[in-house]
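Tertiary structure, described
Spelled out, the chains give:
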Amino acid sequence: GYGGLDHVLANRRDVNILVLDTEVYSNTGGQQSKATPLGAAAKFAAAGKPIGKKDLGLLANMYGHVYVARVAFGAKMAQTAQAFLEAESYAGPSLIVAYSHCIAHGYDMANGASQQKLAVDSGVWPLYRFDPRRLVKGEPPLHLDYGPPKARVADYLRNESRFRMVERADPAQYKKFVAESTAAAQRRYAVYSQLAGITVPVIDATP
């Protein structure tokens, strides 16, 4: 659960954590969770989840001493490998949040890698690495590994039955979800771009 994860991250122990984000409670049958994206149908959200996805990586970033990365190997395999190497070498808690396609998404899992790429290209799934070691170099700790959204969010959503079933049941609501998800992807990139330009002063607290 998130409470236990947060407790581990709040300490400075050298622990490496990998979260395989399926965006549902996969171990109990695919119920909606706070990680379920806007507009996705799941158990207890048959009409589509009305609010957006929790940003686990950004929450962890706020501690400042945690190495955090979001990866999707189908989109950028080299970035995924680099994140694992950096996390393993970091002397402190590290968290990697990995896009993990799941049967609950409702498409052929053989197409998982291409769907991951579409998720990144559309801005639905940002790629980045937050490395506290950059702070002492005077560099922004957050580095973006993806660019402005260049693919249509609608194309990403239409590939998965968890979104299409909402379209079949309520086309007007689905259209609203598409518009809101597109705007959210653009806002997300704008926010992350600004965060990636911030440097934080290092203060020596030694008495």
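Each remark here, short or long, concerns the structure printed above.
Residues numbered from 1 in each chain as written. Predicted model: local features only at pLDDT ≥ 70, side-chain atom pairs only at ≥ 80, totals over all residues. Heavy atoms only, no water.

A closer look at the packing of aromatic side chains
Let me state the cut-off plainly: Classification of ring pairs uses Phe, Tyr and Trp, with its six-membered ring standing for Trp, and accepts pairs whose centres are within 6.5 Å; under 30 degrees between planes counts as stacked, over 60 as edge-to-face, and the remaining range as tilted. Strands here mean DSSP runs of E at least two residues long; helices mean DSSP runs of H or I at least four residues long; both are numbered from the N terminus. Only protein chains enter the accessibility calculation, which uses a 1.4 Å probe. A residue is then buried if its area is under 20% of the maximum for its type, exposed if over 50%, and partly exposed in between. Should the NZ of a Lys or the CZ of an Arg lie within 6 Å of a ring centre and within 35 degrees of the ring normal, that charge is described as sitting over the ring.
Inspection of the entire model under this criterion finds five aromatic pairs. With a centroid separation of 6.4 Å and an interplanar angle of 40 degrees, the aromatic rings of Y67 and Y90 are classed as tilted. Taken as a pair, Y67 in strand β2 (residues 67–71) and Y90 in the loop between α3 (77–89) and β3 (94–99) lie far apart in primary sequence, 23 residues in all. With respect to burial, Y67 and Y90 carry one shared label: buried. Measuring from ring centre to ring centre gives 6.3 Å for Y156 and F163, while their planes differ by 55 degrees; the resulting arrangement is tilted. Neither Y156 nor F163 differs from the other in exposure class; each is buried. Here K54 stacks its cationic end above the ring of Y2, 4.4 Å away from the centre of that ring.

Notes on the pairing of β2
Two faces make up the sheet, and in a regular strand the side chains alternate between them. Where we set the bar: Whether two strands pair comes down to DSSP finding at least two bridges between them. Note on handedness: a crossover is taken as right-handed if, strands pointing away from the viewer, the path from the first strand over the helix to the second is clockwise.
With five of its five residues buried, β2 lies for the most part within the structure. The side-chain alternation of β2 yields two buried faces, one formed by Y67, A69 and V71 and the other by V68 and R70. Here β2 pairs with β3 via five bridges, running parallel. The partner of Y67 across the bridge, within β3, is S94. Remark: the β2/α3/β3 crossover connection has right-handed handedness. Of the pairings in the sheet, the one linking β2 to strand β4 (residues 128–130) comprises three bridges and is antiparallel in character. Looking at β4, one finds that A69 is bridged to R129.

Side note on the sheet that holds strand β5 (residues 142–144)
Heads up, the rule is: With axes taken as lines fitted to C-alpha atoms, and helix axes fitted only over the stretch in contact, angles between N-to-C directions fall between 0 and 180 degrees.
Strands sit in the order β1-β3-β2-β4-β5 across an open sheet of five strands; the sheet is mixed. Edge positions in the sheet fall to β1 (16–21) and β5, since each has one partner strand and no second. The sheet shows a mean angle of 10 degrees between the axes of neighbouring strands, taken without regard to direction.

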